[in-house]
Amino acid sequence: MCGIVGYFGKREAKDILMNGLFRLEYRGYDSAGIALFCDGDINVTKAQGRLKELEIKLNCENRGSIGIGHTRWATHGKPSDENSHPHMGCEGTFCVVHNGIIENYMELKEALQEKGCDFLSETDTEVIPNLLEVYNTGDFLETVQKVVSMLEGAYALCVLSKEFPEEMIVVRKASPLVVGKCDGEYFVASDIPAILEYTKDVYILEEDEVAHIKNKTIAFYNGEGNAIDKEITEITWDLESAEKQGYPHFMLKEIHEQPEAVEKTLAGRIKDGTVQLDLNLTDDFIKSIDKVAVVACGTASYAGRVGGNFIEKYLRIPVEAEFASEFRYNDPIITDKTLVIVVSQSGETADTLAGLREAKSKGAKIVAITNVVGSSIARESDEVIYTQAGPEIAVASTKAYVTQLIALYLLVLQLGKIRGAIDAAFEKSWIEALIKLPEQITSILEQSDIMEVYAAGLKDYTSAFFIGRGVDNVSSLEGALKLKEISYIHAEAYAAGELKHGTLALITDDVPVIGIATQKHLLEKSISNIIEVKARGAITYGIGFEGEGQLRRTVDHFYPIPDALEDFAPILTVVPLQLLAYYASLLKGNDVDKPRNLAKSVTVE
Ligand code: M6R
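Residues numbered from 1 in each chain as written. Predicted model: local features only at pLDDT ≥ 70, side-chain atom pairs only at ≥ 80, totals over all residues. Heavy atoms only, no water.

**Digging into the packing of aromatic side chains**
Going by this rule: Note on aromatic contacts: the rings of Phe and Tyr and the six-membered ring of Trp form a pair at centre separations within 6.5 Å, being stacked when their planes are under 30 degrees apart, edge-to-face when over 60 apart, and tilted otherwise. In this description a helix means any DSSP run of H or I spanning at least four residues, a strand means any run of E spanning at least two, and both kinds are numbered starting from the N terminus. Partly exposed describes any residue whose relative accessible area lies between the buried limit of under 20% and the exposed limit of over 50%, with all areas from a 1.4 Å probe on protein chains only and scaled to the type maximum.
Scanning the entire structure with this criterion turns up 18 aromatic pairs. Measuring from centroid to centroid gives 5.5 Å for Phe310 and Trp430, while their planes differ by 80°, and the two rings are edge-to-face. With Phe310 in helix α9 (residues 298-315) and Trp430 in helix α14 (residues 424-446), the pair connects residues that are 120 residues apart, well separated along the chain. By the burial criterion, Phe310 is buried, and Trp430 matches it. Between the aromatic rings of Trp430 and Phe568, the centroid separation amounts to 5.2 Å while the plane-to-plane angle is 75°, which identifies the pairing as edge-to-face.

Right, dumping it as structure tokens:
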């Protein structure tokens, strides 16, 4: 996904911008560029491909202490030098980097072409510097505000102008942007890690806000153009925690961080043997909830489905768990008695944010589960439960998922207590199980070599099936997504009982099947389904509790998870599935942390 950096100060901007862009590499990109103010001119260098290509093009003439940079992930127009940012207007006066999408760019482009503007790229972005040139009033801020009022869509912008050499303007609309400050220097970034080595003091721009840096001072304006005061937020995590710490890949590091992430997510939320989530929702509202909707994408949506399963099972509230990209367009049935649980690691996923807004506009109360403080989803929700996973860099989500599940277990307990749906004995049993998880996850990590061996057996297949029932079916979905995402092996997750309604036709000795069976009341049924696929020649792998013998005897290869309350199986089964995907990807020689075609944070629809 696109990334923005900007620098305004006294040092060589090129070095700071390139450093920042390298820090944003993990987001995924296909081209990059920087623009520097030098001797009254704006000097733009861009290159398709990795940042190394851009570095090769830069030389000692690329000087200046004010500049902007960008990594692009193509949305309008193919990856190419021309389509890379920064973009200049055709008069060569204004220069822009942009994250997001300008939805009305076609009509703006046509109008600009009629006025004689020549376009060099296929991007939506290029309309912005051209509009700035056409509507230039001679006042930088006024010009930007005027043009922004003409743009529809979601965007973050960083703008330079040859006419205003001691100024920089940044704008945030539905796409994250922060401005860091340190000793008269300003650092702009779409992601905090890009500037963390320079400053921990940042201004987090809110929706529609504009920051104007001029002669070493900064001023902020709201969407109506009025000057506003903003407070500095101090970032408490350091760069080291965003780096690999000796692991070969971020994904492996993040898998191994799960015991600690679980501990941190539980910390302070269990007091005197009871869950104490201070929810900003009244007891009256909680008792009146007649429907829960879970809104999320990808892995986060599977965490939400597990939580939804327990809400139905123990709280007896109907749950609708849909991908946010469907939910937002399905005219969902939402009332002021609906609780919407929004789950998102980044807190910036475009579809999830849109689903949140749709639900909110219909009167629902929103509880967000997110990992990023100050993210859009956090700010727009009625209540936020932060996961304490720390920065997750690998595109494949691991520790974020597990901590989302922890947050959901806590939420189920808190809501259940207020509604009188669960008693003290139930709460005690869940809390005991939650507290044991870090140690149990550690014991799974200690036997990673089993999954490495299984991955070696799987890596040369082109297709695999993951089957399960109930919450094990959700774990299958997550296991299959993980395998597809980074090993590029086609993997299909299927409700085990549905196989014989058509899909069984695909099972041959060329299609291994991974069966997850942890739920006692479904065990016999799940094992029958595994026997069915075995009979069609499939090699079978089983994941089940250590003390359970039937599954172990049925499958060709068994992976034991520590014995626990079966409600906690989704956490214990997903860790070996993450390892399986990791090793399959590694053994195939793939780029584990940055799988092809994917980005960490999907901030466009
Ligand atoms: O940041 P979010 O949790 O909102 O992201 C949602 C999905 O894009 C994300 O979980 C995606 O499915 C992961 N790459 C899966 O590993």
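From this point, the narrative continues.
**Considering helix α13 (residues 399-419)**
Note the following rule: Expected helix span is taken as 1.5 Å per residue step, with the number of steps being one fewer than the number of residues.
With 21 residues, α13 should cover 30 Å at 1.5 Å per step; its first-to-last C-alpha distance of 30 Å lies within 8% of that length. Within α13, 19 of the 21 residues are buried, leaving the element largely enclosed by the surrounding structure. Positive backbone phi, at 75°, marks Gly420, one or two positions downstream of α13.

**Focus: the domain arrangement of the protein chain**
Applied cut-off: All the domain ranges listed were derived from an automatic or database domain assignment. In this analysis, two residues are considered to be in contact whenever any of their non-hydrogen atoms come within 4.5 Å of each other. A 1.4 Å probe defines the accessible area here, and the buried area is the portion of it lost by two parts on being joined, summed over both.
Each assigned domain of the protein chain is listed with its residue range as follows: domain 1 (3-241), domain 2 (244-444) and domain 3 (447-592). On a C-alpha basis, the centroid separation for the pair domain 2 and domain 3 is 25 Å. Residue-level contacts link 34 residues of domain 2 with 31 residues of domain 3. Both sides of the domain 2 and domain 3 interface together cover about 2800 Å² of buried area, and 70% of this is carbon and sulfur. On the domain 2 side of the interface with domain 3, the three residues burying the most area are Met251, Tyr302 and Ile444, jointly 24% of the side's total.

**Thoughts on the layout of surface pockets**
Stated precisely, the cut-off is as follows: Think of a 1 Å grid over the protein atoms and nothing else: a 1.4 Å probe that fits but is trapped marks a cavity, an open set flanked by protein within 12 Å on at least five of seven lines marks a pocket, and residues with an atom within 4 Å of a point count as lining. Grid points are joined across faces, edges and corners, and a volume is the space filled by probe spheres set on the points. Nonpolar residues are Ala, Val, Leu, Ile, Met, Phe, Trp, Tyr, Cys and Pro. Charged residues are Asp, Glu, Lys and Arg, and all others, Gly as well, are polar.
Roughly 1100 Å³ of volume is contained in the largest pocket. Looking at the lining of the largest pocket, the elements with two or more residues in it are β15 (233-234) and α7 (258-266). If you tally residues by element for the lining of the largest pocket, the top one is α7, at three residues. Looking at the lining of the largest pocket residue by residue, the classes come out as 17 nonpolar, 15 polar and 13 charged. Two domains each provide a minimum of three residues to the lining of the largest pocket, namely domain 1 (3-241) and domain 2 (244-444). Size it by volume and the second largest pocket reaches roughly 610 Å³. Lining the second largest pocket we find 28 residues, and of these Cys297, Gly298, Ala599, Lys600 and Val602 sit closest to its centre. Of the residues assigned to the lining of the second largest pocket, the class counts are 12 nonpolar, 11 polar and five charged. Split by domain, the lining of the second largest pocket shows at least three residues from each of two domains, domain 2 (244-444) and domain 3 (447-592).

**Let's talk about the pairing of strand β20 (residues 338-344)**
Test applied: At least two bridges found by DSSP between two strands is the condition for calling them paired. Crossover handedness is defined by viewing with both strands directed away from the observer: a clockwise path from the first strand over the helix to the second marks the crossover as right-handed.
The element β20 is extensively covered by neighbouring structure, given that seven of its seven residues are classed as buried. Alternating residues of β20 divide into Thr338, Val340, Val342 and Ser344 and Leu339, Ile341 and Val343, and every residue in both groups is buried. Here six bridges tie strand β18 (residues 291-296) to β20, and the two strands are oriented parallel to one another. In the sheet register, Ala296 faces β20, and the bridge partner there is Val343. Looking at chain direction, β20 and strand β21 (residues 365-370) are connected through six bridges and run parallel. Note on β21: the bridge partner recorded for Val342 is Ala368. Taking the sense of rotation as the criterion, the β-α-β connection linking β20, helix α11 (residues 350-361) and β21 turns out right-handed.

**Things to note about the sheet that holds strand β3 (residues 41-48)**
This is how the line gets drawn: With axes taken as lines fitted to C-alpha atoms, and helix axes fitted only over the stretch in contact, angles between N-to-C directions fall between 0 and 180 degrees.
Strands sit in the order β3-β2-β4-β1-β10-β9-β11-β15 across an open sheet of eight strands; the sheet is antiparallel. Two strands close off the open sheet at either side, each with one partner strand: β3 and β15. Inspection of the sheet shows strand β1 (residues 3-8) paired to strand β10 (residues 185-189) by four bridges, in the antiparallel sense. Bridged to Phe8 within β10 is Tyr186. The strands that helix α1 (residues 13-23) touches are β1, β2 (31-38), β4 (66-72) and β10; relative to β2, the one it contacts most, it runs at about 160°.

**Quick look at the environment of Ser80**
So the rule is basically this: Between N or O atoms, a polar contact is any pair within 3.5 Å; within protein, one atom must be a potential hydrogen donor and the other a potential acceptor, and residues adjacent in sequence are included only when both atoms are from side chains.
Along the polypeptide, Ser80 turns up in the loop between β4 and β5 (87-88). Separated by 50 residues in sequence, Ser80 and Asp30 have C-alpha atoms that sit 8.3 Å apart. There is a polar contact of 3.4 Å between the side chain of Ser80 and the side chain of Glu82. At a separation of 3.1 Å, a polar atom in the side chain of Ser80 contacts the main-chain amide nitrogen of Asn83.

**Re the pairing of β18**
In regular strands, side chains alternate between the two faces of the sheet. The element β18 is largely enclosed, with a buried count of six among its six residues. Burial of the side chains of β18 extends over both faces: Lys291, Ala293 and Val295 are buried on one face and Val292, Val294 and Ala296 on the other. In terms of strand pairing, β18 meets strand β19 (residues 319-323) through five bridges, oriented parallel. Its bridge partner lying in β19, Val294 is registered against Ala321. After leaving β18, the chain enters α9 and then returns to the sheet as β19, a path that is right-handed.

**Section: the side chain of Glu392**
Among the structural elements, Glu392 can be located in the loop between β22 (383-386) and α13. We classify Glu392 as buried; its relative accessible area is 4%. There is a polar contact of 3.0 Å between the side chain of Glu392 and the side chain of Ser397. Once residues within four sequence positions are removed from consideration, Glu392 is found in contact with Glu254, Gln345, Asn371, Ser397, Thr398, Lys399, Ala400 and Lys600.

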